[in-house]
Each structure stands twice: as C-alpha cells, then as structure tokens.
Amino acid sequence: MPAFRQVGEKQLPNPVLCMAWSPKRDLIALANTTGELLLHRLASFQRVWSLPPSEYTGKDITALAWRPDGKILAFSLGDTKQVVLCGVEKAEILHVFPIETPVTCMHWMEVMEENSALSSFYNSEDESKLFLPKLPTLPKSEEKSDEIMNLLGEVRLNILALGGDTGFVELYAYGMYKIAALTGVSGTCRSLSLSSDLKSLSIIAEVRSADNDPEICYSQLDTGLLSDCLPEVTRMARKFTHISTLLQYLHLSLTCMCEAWEDILMQMDLRLTKFVQEKNTSTQVQDEFLELLLWGQSSIQKLVISHLQSGSEALLYHLSEVKGMSLWKQKFEPLGLDSTAIEGAITAVGSFSLKANELLQVIDKSMKNFKAFFRWLYVAMLRMCEEHVPPELNKMTQKDISFVADFLSEHFSENEELFDRKGKYFNVERVGQYLKDEDEDLVSPPNNKGNQWLKFLQESSHLKESPLLFPAYPQKSLHFVKRMMEGVIEQCLQKPAEVIGKSVKQAVFLPLYTVPESSENTPRLFELPSLWNDKKAKMHYVVFSMPEISPCKLYLLRRATDPNRHIPNNADNADCAANTIYCDFPFRPHLAYSCLDARFYDDEMLTVVLQGPEEEHSGRVLGQLPLASTLSCETEFIWKPNQRLDQQSDAIPSQGLVLGNQWRELENMKAQFIAVNGIRKVACVLSSNLRHIRVFEMDVEDEDEEGAESQNATADQDVLDTTMSSQGQDEDGKEVKEQVEAAEHGGDEFQKTEDNLESEEALELS
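Residues numbered from 1 in each chain as written. Predicted model: local features only at pLDDT ≥ 70, side-chain atom pairs only at ≥ 80, totals over all residues. Heavy atoms only, no water.

Operational definition: UniProt positions are given in the numbering used here, feature names are shortened, and annotations may be inferred rather than shown by experiment.
The name an unreviewed UniProt entry assigns to the protein is Anaphase-promoting complex subunit 4, from the organism Sphaeramia orbicularis. Recorded under Sequence similarities (unreviewed entry), the UniProt text for the protein is reproduced unchanged: "Belongs to the APC4 family."

Next up, the structure:
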C-alpha cells in the first residue's frame with residue numbers, strides 16, 4: 001500500500017510563486033505569476049475563493065504568511081512596496097501598510113512563553129470594554145468594520161517578521177504595529193524565523209562575497225530585549241495595535257461621510273436636471289432640495305456623533321494609558337516610550353475632536369438656517385404669484401426671521417476675500433468644505449465673533465498657551481486635522497521601533513555555500529535552506545543541500561535560540577551534521593537519492609522530495625525522514641571561522657538515513673517543491689513547471705484500489721489539463737475548464753464551499 005493518501009490534484013493555468021498551509025485549517029494559499037491570490041481546500045483541492053490583482057494593492061506577490069490563528073493571511077507586493085492583511089472568511093482586504101523596500105520573505109510566529117505578569121495581562125486586557133462603548137458599525141460596510149475591529153485577534157503576542165533586499169528586516173506586533181526596525185543585516189533575506197521565546201532571529205541571506213560571488217549565509221540576531229521585557233512589550237504592542245485599528249476605523253468613518261455628501265450633491269444635480277428638462281412648474285423643487293439637504297446633513301451629523309466622536313474618545317483612552325506606561329520609566333523607558341511624544345499625540349487627537357464638534361455646530365446651524373430660509377422663500381414666491389399661502393407657512397416667529405437674516409448675511413453678502421479666491425460673492429454650502437482633503441483654508445470658516453470663551457482665552461495670559469487646552473484650527477478642514485493627527489501618532493509610534501531595533505545585535509554569522517548556477521531561475525521562496533524553530537527544545541534548525549559538493553547529502557545545522565546557551569560537544573555553539581538518504585525500494589535496495597526540497601513536518605521529521613540517479617531511470621519520491629538519530633549525534637564538529645561550510649564539508653559528521661516505508665513514488669509528475677503542515681498532517685507537492693499540484697494526507701495510507709483509481713484519474717487529468725492549457729487564453733477553453741470543475745465538484749456544492757467556509761471549518765475542527 002502506498003504511504004500517504006492523495007486527496008486532490010490539479011493543473012493550474014498560471015505558475016505558482018508562493019504556497020502556504022493554514023496553521024489551523026485544511027486550507028492552502030497560493031499566489032501565482034499574475035498577482036492572483038487563491039485559497040484552496042484540502043478535499044479534492046476545491047477552490048474556496050480568489051483575490052484578483054488590483055492597481056490599489058499591486059500585482060507582484062512576493063511572499064505569504066498566515067497569522068497563527070489562521071484568520072488573517074498576509075502577503076507582500078513588490079511593485080507597490082506594500083504588505084496587505086486579508087480576511088480569510090470573505091477575501092476582504094482589511095489593512096494595508098507601506099514598506100521601504102520590496103519584501104522577499106515573511107514569517108508570522110506566536111510567542112509561547114508564559115509568566116505571571118503575562119497571565120494577569122491576558123485576563124485584564126479587555127478592561128477598556130468596561131469604560132468605552134462598543135464602536136458602532138459603519139453604514140454600507142457593516143461586515144468590514146467588524147472585521148477591522150477583529151484585526152487585533154488574540155491577546156497573546158504574535159509578530160510578523162519581514163525581510164527584504166539590502167538587509168531590510170522589520171518586526172510587526174500583531175501584524176500591524178512596527179515594533180522593531182533592524183539594522184546591520186547583510187544581503188538579501190531569503191528566509192527568516194523568529195524564535196517562540198523571542199530570544200533570537202534566524203536569517204538566511206544571499207550575500208555578495210569579496211569576489212562578488214553570491215553566497216548563502218546564516219546569521220543569528222540577539223533579540224534579548226524583546227524576551228527580557230516580554231510583559232512590557234506585549235502591553236505596549238497591544239495598546240499601539242488598538243490605536244492603529246482605531247485610526248483605520250476613523251479613516252473609514254470619514255470616507256463614509258464623504259460618500260454620503262457626494263450622494264447628496266449628485267441627487268441634487270439629477271433632480272435639477274430633471275426639473276429643467278420637464279419644465280414642470282408645478283413640481284415643488286424647493287421641497288425636494290430641502291428634503292435632500294436636511295436628510296443628508298442629518299446623516300452626516302449621525303456619523304460624526306456615533307463614529308468620529310466615539311473613535312476619538314477610544315483613541316484618547318488608549319493614548320492616555322500609553323502615557324501612564326511611559327511614566328513608569330523603570331519598565332518602559334528601555335523600550336523607547338517617550339511621554340513627551342505621547343502627550344503630543346493626545347493633543348492632536350483632542351484637536352481632531354474639537355474639529356469634529358465644530359462640524360456638528362456648523363451642521364446644526366446650517367439645518368436651522370436652510371429650513372427657515374426655504375420656508376420664507378417659498379412663502380415669498382407664493383405671494384409674488386398672488387397664490388394662497390397655507391396658514392401653517394404664514395406664521396414666522398422672531399427666531400425664524402433671525403435665522404433668515406443670518407442666512408442672507410452670511411451667504412449672500414459681498415466679501416472681497418471670497419471673491420478673490422472663488423470669483424463669486426456667495427457660498428451657500430458650508431458642510432462640504434470640511435470634508436475636502438485639501439491643504440487650503442476653509443472658504444467660509446466659522447464666525448467666532450462674540451464667543452465669550454474664546455475672548456476669555458485671548459485675554460488670559462496664563463491660559464492662552466496652556467498645554468491643558470487642545471489647540472483649535474478654525475481655518476482648516478476636518479481632513480487636514482485628521483492627517484495632522486495621523487502624522488503625530490505615527491511619529492509617536494516610530495520611537496520604540498527604532499530603540500528596539502538598535503538593541504538587536506548579530507550573535508553569529510556563518511557563510512554556508514556559494515549559490516549554484518542551476519538555481520538561478522528557481523523562485524527564491526521555494527529554494528533551500530529551510531528554517532524551523534523547535535519550541536520545546538528551544539533550538540533553531542536549518543536544513544539545506546549542497547548539490548555541487550555532495551548531491552546525495554542533506555545537511556542540518558542547529559543553533560540554540562538563546563545565543564548565550566552552549567551546545568554540548570561543539571566549541572562554536574553551531575552544530576552541523578550531514579545525512580545521506582537511502583530508499584529501500586523493491587528490486588532497488590539501498591539506492592542513494594538526491595534531495596530536491598525538504599521542509600520540517602514537525603520537530604523530529606522532515607518531509608522531502610527526492611530524485612534517484614538518472615541512470616537508474618528512477619522517478620521522484622515523496623518521503624518522511626525521521627531526524628532522531630541525527631539530532632542525537634554527539635560527534636564534535638569544529639567550525640573553522642575563516643572558511644565557508646562547503647570548504648570544510650569533509651569534516652562534517654555524516655550518517656545514512658533510510659526512509660523505511662514512509663515514502664511514495666510520484667508517478668506522472670516531475671515533482672520539485674513541497675509545502676507541509678505537521679499539525680494538520682497535510683502536504684502539497686508542486687511540479688518543476690510550477691503548475692501541477694498534488695495534495696496528500698500524510699497520516700493515512702492509500703488502499704490498493706484507491707491507489708489504482710488515483711493513478712488512472714491522474715493520467716486522465718494530465719491529458720485533460722494538457723488539452724485545456726494548450727488553448728491558452730481562449731474563451732472557449734475557459735468555459736470548458738469551468739464546466740469540468742463544476743462537474744467534478746457539483747455547482748451547488750462548490751457555491752456552498754465558497755459561502756460557508758466558516759461554518760464548515762468549525763464543524764471540521766470540532
């Protein structure tokens with residue numbers, strides 16, 4: 001019986017550049033050369049959803065990483081230099097942030113350390129819910145606003161590590177807040193792994209040697225400050241992530257306000273056009289205008305009260321708590337928290353709240369004046385036409401007359417400054433100017449003459465410059481003040497990232513081997529070396545091959561996550577072992593195989609794709625390679641510091657490893673690369689042309705009949721997919737492919753898979 005059970009196979013129309021299994025579900029994410037992001041289910045490799053490329057995000061996906069809880073998928077884009085966080089349930093883009101250089105690799109880890117301080121924080125983290133009301137959902141995007149507030153995820157700290165060209169390495173707490181910007185890293189990052197105890201960061205980089213030859217090097221960075229101050233780092237990161245999420249919420253709220261106002265203006269334009277075209281003098285166009293203006297301004301008024309003010313209050317709450325942390329200098333000063341910068345951020349949020357309140361006053365006054373003016377104008381028109389005036393309209397109080405006088409004096413009086421700027425003497429609309437994203441001053445700023453509070457402040461020398469009072473910007477729009485607030489908060493958040501980044505030092509740098517010429521056209525994300533963090537043993541593992549030195553050997557490098565921890569039997573604390581891999585096939589016993597790809601299945605097992613000698617006409621093999629004997633090797637290896645590892649490979653302890661019965665021949669497939677998930681016990685094999693995929697359950701054996709059916713299905717699928725791929729981009733070919741997929745999965749069932757991902761996965765996990 002073949003080991004492992006094949007559960008799906010597919011020929012894809014576009015080459016795959018990245019693939020990553022979900023840590024919690026039987027889902028795999030793929031990114032192809034067109035910039036499309038695909039999510040497939042293990043069962044029959046059904047497609048759950050696809051996210052097409054867009055000009056907003058970009059088209060060149062360079063790396064993928066899952067959040068440890070499996071609810072968020074991060075991917076980087078090289079053409080726009082951005083990182084995108086995507087919700088898995090509905091394929092929605094929830095958060096986008098820019099980066100300085102294109103990302104070449106990423107790794108999202110979860111901190112597993114426990115202590116009493118962290119436990120108390122985990123239990124009390126939601127205290128803000130006791131003091132702050134729940135933020136209301138946004139109109140037209142209720143689901144998205146809920147998703148954005150769920151970006152925080154679990155309280156336990158998780159960190160997204162990004163690596164790029166020219167030594168670019170940054171760490172983002174909860175995938176959103178930049179907690180460290182590292183310096184001193186050499187070369188282009190190929191892969192990285194942050195240990196679960198936060199003591200060190202392992203990096204595989206491609207570095208140019210003195211002879212300008214590309215070399216693969218391993219470096220370990222000491223991140224001791226993060227591990228030593230873990231409770232403080234978690235508290236600070238959680239608060240700053242709250243703040244980042246609230247800024248996103250305020251941005252969406254303001255966007256909704258702008259869209260509401262644009263809808264009002266568009267409706268007014270359409271109704272005016274219709275009125276002129278029909279020339280229907282009996283239509284009460286003034287009623288329609290009044291209804292639109294009052295309804296539109298009241299909807300914006302509700303958005304300001306329920307969303308902007310609620311979001312601003314939450315921002316002030318969390319910033320005030322961060323200020324309290326910064327004053328505990330013994331704990332938080334080493335992390336770079338600056339109370340002065342945080343006070344500036346609090347002041348900026350206060351100014352934004354004042355500007356939102358000013359907009360509320362303008363809306364309230366505008367609604368009263370508009371209502372009184374149109375009522376007065378309508379009555380005047382009826383009297384001029386000598387028509388009957390309804391009694392309810394004929395009654396004008398002294399207050400109504402005052403509103404009309406204010407409206408006429410404010411909107412239709414001659415103003416030289418206004419005429420110079422806009423070329424007209426009147427401006428009826430006062431609300432929209434607050435929603436324009438411009439640096440120019442307001443056309444009609446509020447009239448503060450007679451404001452007793454402002455007069456009192458100006459006359460008081462003590463209060464005029466008091467830091468206790470938030471400055472107001474009466475000449476600026478709401479958008480302008482919001483951008484200013486975001487800039488101040490961003491500056492406040494950058495200081496800890498700089499301080500923590502400078503504390504990270506390189507503990508070890510080991511050149512491994514020169515880049516083989518045969519791998520120049522291979523996608524970098526699929527290339528060895530592969531990194532792994534053994535959380536129980538607190539070790540970093542690096543697995544790689546050197547085909548030009550020893551094609552049938554697989555090398556394993558070990559480093560303790562604590563840079564100061566000594567590894568027994570090794571003088572340089574860097575242990576390396578070489579393994580020759582053998583497969584006991586029928587009629588071909590003890591045949592040495594070369595390793596095409598290898599990924600850690602778990603702490604004690606490697607999943608490998610092997611290729612036998614060409615002269616033996618052997619195919620490709622998927623196998624599980626136990627590492628117990630290698631990890632227990634006590635032979636000492638003395639690393640010569642002035643040489644690359646490939647120059648001293650003869651001194652590396654070597655032993656033979658036999659696959660036993662944990663292997664399966666991959667017939668009719670030129671397998672090359674693999675992605676695995678030992679928790680879910682699944683694997684995905686990709687062909688050398690990056691289009692042909694097979695998925696396997698690794699802890700289940702195929703029965704003989706199932707194996708035969710699978711092989712027959714494979715042959716039929718190859719013929720069918722070859723026919724479809726030869727049709728290129730032809731529309732008929734697309735229709736044929738869609739019909740075949742619908743026949744395979746069933747149209748109703750396929751739709752159910754897309755629409756009910758969350759409920760099905762919950763049942764599956766239970």
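Next comes the rest of the description.
## So, the state of the cysteines
Operational definition: Put simply, a disulfide is two cysteine sulfurs that come within 2.5 Å.
Throughout the structure, instances matching the rule amount to 0 disulfides. Cys105 takes part in no disulfide bond, and the closest cysteine sulfur, belonging to Cys189, lies 5.0 Å away.

## Here we look at the confidence of the model for the protein
Counted only if it meets this: One confidence number per residue, pLDDT, is output by the predictor and ranges from 0 to 100. A contact between two residues is defined here by any heavy atoms of the two lying within 4.5 Å.
For the protein, the mean per-residue pLDDT works out to 79, and 76% of the residues sit at or above 70. In this model, residues 414-428 is a region of pLDDT below 50 whose contacts with residues beyond four sequence positions or in other chains number 27 contacts. Confidence drops under pLDDT 50 across residues 704-766; counting only partners more than four residues distant or on other chains, this segment forms 61 contacts.

## Remarks on the pattern of salt bridges
This is how it is decided: We define a salt bridge as a side-chain nitrogen of Lys or Arg found within 4 Å of a carboxyl oxygen belonging to Asp or Glu. In this text, helices come from DSSP runs of H or I with a minimum length of four residues, and strands from runs of E with a minimum of two, each type numbered from the N-terminal end. The buried label applies to any residue whose accessible area, calculated with a 1.4 Å probe on protein chains only, is under 20% of its type's maximum; exposed applies above 50%, and partly exposed to all values in between.
In this structure the tally under the stated criterion is 17 salt bridges. Across the salt bridge formed by Arg25 and Glu89, the nearest N and O atoms sit 2.8 Å from each other. Of this pair, Arg25 sits in the loop between strand 2 (16-21) and strand 3 (27-32) while Glu89 sits in the loop between strand 8 (82-87) and strand 9 (92-98), placing them 64 residues apart in sequence. Judged by its relative accessible area of 9%, Arg25 falls in the buried class. The exposure class of Glu89 is buried, given its relative accessible area of 18%. Among the charged side chains, a salt-bridge network with shared partners connects Arg190, Glu206 and Glu527.

## Concerning the environment of Pro98
Structurally, Pro98 can be placed in strand 9. Residue Pro98 is classed as exposed on the basis of its relative accessible area of 63%. Note: C-alpha distance between Pro98 and Val83 (15 residues apart in sequence) is 6.4 Å. With residues up to four places along the chain from it excluded, the contact list for Pro98 reads Lys81, Gln82 and Tyr172.

## Describing the sheet that holds strand 14 (residues 188-194)
Here is the rule: The pairing criterion for strands is at least two bridges between them, as found by DSSP. Only the stretch in contact is used when a helix axis is fitted, and all axes are lines through C-alpha atoms; the angle between N-to-C directions ranges over 0 to 180 degrees.
In space, the 4 strands of this open sheet follow the order 14-15-16-17, with antiparallel pairing throughout. If you trace the sheet from one side to the other, it starts and ends with strand 14 and strand 17 (505-514), each paired once. Pairwise comparison of adjacent strand axes, ignoring direction, gives a mean angle of 20° for this sheet. Looking at chain direction, strand 14 and strand 15 (residues 200-208) are connected through 6 bridges and run antiparallel.

## Describing the pairing of strand 13 (residues 177-182)
Sheet topology places strand 12 (residues 169-173) next to strand 13; 5 bridges connect them, and they run antiparallel. Looking across to strand 13, one finds that Ala173 is bridged to Tyr177. What sits between the antiparallel neighbours strand 12 and strand 13 is a turn of 3 residues, in which Tyr174 has the positive phi angle 55°.

## Notes on helix 13 (residues 478-503)
As a reminder of what qualifies: To estimate the expected span of a helix, subtract one from its residue number and multiply by 1.5 Å.
For helix 13, which comprises 26 residues, the first-to-last C-alpha distance of 39 Å matches the rise-based estimate of 38 Å (1.5 Å per residue) to within 8%. Residues of helix 13 that are buried: Leu478, His479, Val481, Lys482, Met485, Ile489, Cys492, Leu493, Pro496, Ala497, Ile500 and Gly501.

## Side note on the side chain of Glu215
So the rule is basically this: Under the rule applied, a polar contact is a pair of N or O atoms within 3.5 Å (in protein, one hydrogen donor and one hydrogen acceptor; residues adjacent in sequence only if both atoms are side-chain atoms).
Along the polypeptide, Glu215 turns up in strand 16 (residues 214-222). Given the relative accessible area of 12%, Glu215 is considered buried. Among the polar contacts listed, one links the side chain of Glu215 to the side chain of Arg644, at a separation of 3.1 Å. Once residues lying within four places of it in the same chain are set aside, the contact partners of Glu215 are Ala205, Glu206, Val207, Ser209, Pro511, Tyr513, Thr514, Val515 and Arg644.

## A closer look at the packing of aromatic side chains
What counts is decided by this rule: Note on aromatic contacts: the rings of Phe and Tyr and the six-membered ring of Trp form a pair at centre separations within 6.5 Å, being stacked when their planes are under 30 degrees apart, edge-to-face when over 60 apart, and tilted otherwise.
Overall, the coordinates contain 9 aromatic pairs when judged by the stated rule. Aromatic pair Tyr541 and Phe600: ring centres 5.8 Å apart, planes at 25°, arrangement stacked. Note that Tyr541 is positioned in strand 19 (residues 539-546) and Phe600 in strand 23 (residues 594-602), a separation of 59 residues in sequence. The same class applies to Tyr541 as to Phe600, namely buried.

## Thoughts on the sheet that holds strand 6 (residues 61-66)
What holds strands together in a sheet is hydrogen bonding between their backbones, with the strands either parallel or antiparallel. Reading across from one edge, 6-7-8-9 is the order of the 4 strands in this open sheet, with antiparallel pairing throughout. Of all strands in the sheet, those bounded by a partner on one side alone are strand 6 and strand 9. For this sheet, the mean inter-axis angle between neighbouring strands, taken without regard to orientation, is 20°. One ladder, built from 5 bridges, connects strand 6 with strand 7 (residues 72-77); its direction is antiparallel. From the neighbouring strand, Leu64 faces strand 7, where its bridge partner is Phe75.

## As for the nonpolar core
Short version of the rule: Put simply, buried Ala, Val, Leu, Ile, Met, Phe, Trp, Tyr and Cys residues joined by side-chain atoms within 4.5 Å make one nonpolar core.
In terms of nonpolar packing, the biggest core is built from 85 residues, with Leu157, Ile179, Met257 and Ile489 touching the most fellow members. Not counting chain neighbours up to four residues away, the residues in contact with Ile489 comprise Ile243, Leu247, Leu315, Leu319, Ala345 and Val349.

## A word on unusual backbone geometry
Between Leu528 and the following residue, Pro529, the backbone shows a cis peptide bond with an omega angle of 5°. Looking at where Pro529 falls in the secondary structure, it is placed in the loop between strand 17 and strand 18 (530-534). Notably, Phe45 is not glycine yet its phi reads approximately 55°, a positive angle. By the element assignment, Phe45 lies in the loop between strand 4 (37-41) and strand 5 (47-51). Residue Phe45 is classed as buried on the basis of its relative accessible area, which comes to 0%.

## Notes on the packing of helix 8 (residues 339-384) against helix 13
Let me state the cut-off plainly: For classification purposes, angles smaller than 35 degrees are called roughly parallel, those larger than 145 roughly antiparallel, those between 65 and 115 roughly perpendicular, and all remaining angles oblique. For a crossing to be left-handed, the near helix must be turned anticlockwise from the far one by less than a right angle; the clockwise case is right-handed. Each residue is assigned to one of three groups, with Ala, Val, Leu, Ile, Met, Phe, Trp, Tyr, Cys and Pro labelled nonpolar, Asp, Glu, Lys and Arg labelled charged, and all others, Gly among them, labelled polar.
Taken N-terminus to C-terminus, the directions of helix 8 and helix 13 make an angle of 165°; their axes are 9 Å apart at the nearest point. The angle between helix 8 and helix 13 falls in the class roughly antiparallel. Helix 8 and helix 13 meet at a crossing whose hand is left-handed. Taking contact as the criterion, the partners of Ala341, Ile342, Gly344, Ala345, Ala348, Val349, Ser351, Phe352, Lys355, Ala356 and Leu359 in helix 8 are, on helix 13, Leu478, Val481, Lys482, Met485, Val488, Ile489 and Cys492. Considered class by class, the residues forming the contact of helix 8 with helix 13 number 14 nonpolar, 2 polar and 2 charged.

## As for the environment of Leu135
By secondary structure assignment, the location of Leu135 is in the loop between helix 2 (128-131) and helix 3 (142-149). The class for Leu135 is buried, based on a relative accessible area of 15%. Sequence separation between Leu135 and Gly311 is 176 residues; the distance between their C-alpha atoms is 7.1 Å.

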